[in-house]
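# Summary of the model geometry
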Amino acid sequence: MEQKEILKNVITSFSNYYEKQKSFKRVFLNEPVMSKAIEVFDSEMNEMVDHVFDLMGIPNEESSDKYDKLNWTRDVCTNLIEIAANNEKYIEPAIELISDWANLNDYTSKVEKHTWFRYHQLLDEHITGYKKWHEEQQLEKEKGKGNSITV
């Protein structure tokens, strides 16, 4: 099975899970034991995502930042999956960004530089042309490297 198809299935699984979780929470709103069950299922779903990331080759190293122990790449990819699972229009851009996880830092530079810019906005821009703009920027960078003169 191709990576993109696997990611789409994971996102669909999360979407279905969230729908079931909403109704489960409504029915068992005041049941602390059931709330704990939801936490266990959430943990299992996140473990499934970690296995998919392992298969994709996304490294599982802890952050070098002592205040943030999460793996940045996996954290961003997980956020993109969750956003796509909650809004169907983000499925394709999330799949594209996650599939190109090695260059994820390039794509998310705008998110990282602005506190007001969120991942769903990154996905919106990816849908509306940010991907093309990003590719043009990469080409310009490469052209600039080729034109440098060494003395």
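Sequence order sets the numbering: in each chain, residues are counted from 1 along the sequence as written. Thresholds applied to this predicted model are a pLDDT of at least 70 for local features of residues and 80 or more for the giving and counting of side-chain atom pairs; totals over whole chains, interfaces and linings are not thresholded and use all residues. To get the side-chain values, take all heavy atoms of the structure and skip hydrogens and water.

### Regarding the nonpolar core
Rule in force here: Take the buried Ala, Val, Leu, Ile, Met, Phe, Trp, Tyr and Cys residues and link them wherever side-chain atoms come within 4.5 Å; each set so joined is a nonpolar core. Each residue's exposure class comes from its accessible area (1.4 Å probe, protein chains only) as a fraction of the maximum for that residue type: buried when under 20%, exposed when over 50%, partly exposed otherwise. Only DSSP runs of H or I covering at least 4 residues are called helices, and only runs of E covering at least 2 are called strands; the numbering of each starts at the N terminus. Whether two residues are in contact is decided by their heavy atoms, any of which lying within 4.5 Å being enough.
Formed by 30 residues in total, the largest nonpolar core has its most connected members in Ile11, Phe14, Phe53, Leu80, Ile81 and Ile98. Put simply, the parts of the chain that give this core at least two residues each are helix H1 (3–27), helix H2 (32–56), helix H3 (72–86), helix H4 (91–99), helix H5 (104–113) and helix H6 (119–128). Every residue in contact with Phe14, bar those within four places of it in the chain, is listed here: Met45, Asn46, Met48, Val49, Ile81 and Ala85.

### Side note on the side chain of Thr73
For Thr73, the location among the structural elements is in helix H3. Once residues within four sequence positions are removed from consideration, Thr73 is found in contact with Ile58, Trp101 and Leu104.

### So, the pattern of salt bridges
To keep things clear, this is the line we draw: By definition here, a salt bridge exists when the distance from a side-chain nitrogen of Lys or Arg to a carboxyl oxygen of Asp or Glu is within 4 Å.
In this structure the tally under the stated criterion is 5 salt bridges. For Glu92, the salt bridge is made with Lys8, and the minimal N-O distance between the two is 4.0 Å. Here Glu92, found in helix H4, pairs with Lys8, found in helix H1; they are 84 residues apart in sequence, far enough to count as distant. Among the residues examined, Lys8 registers a relative accessible area of 40% and is labelled partly exposed. Between Arg74 and Asp54 there is a salt bridge whose closest N-O contact spans 2.5 Å. One end of the pair, Arg74, is in helix H3; the other, Asp54, is in helix H2, with 20 residues separating them in the sequence. Judged by relative accessible area, Arg74 falls into the buried class, the value being 5%. Look at the salt bridges and you will find they share partners, linking Asp50, Asp54 and Arg74 into a network.

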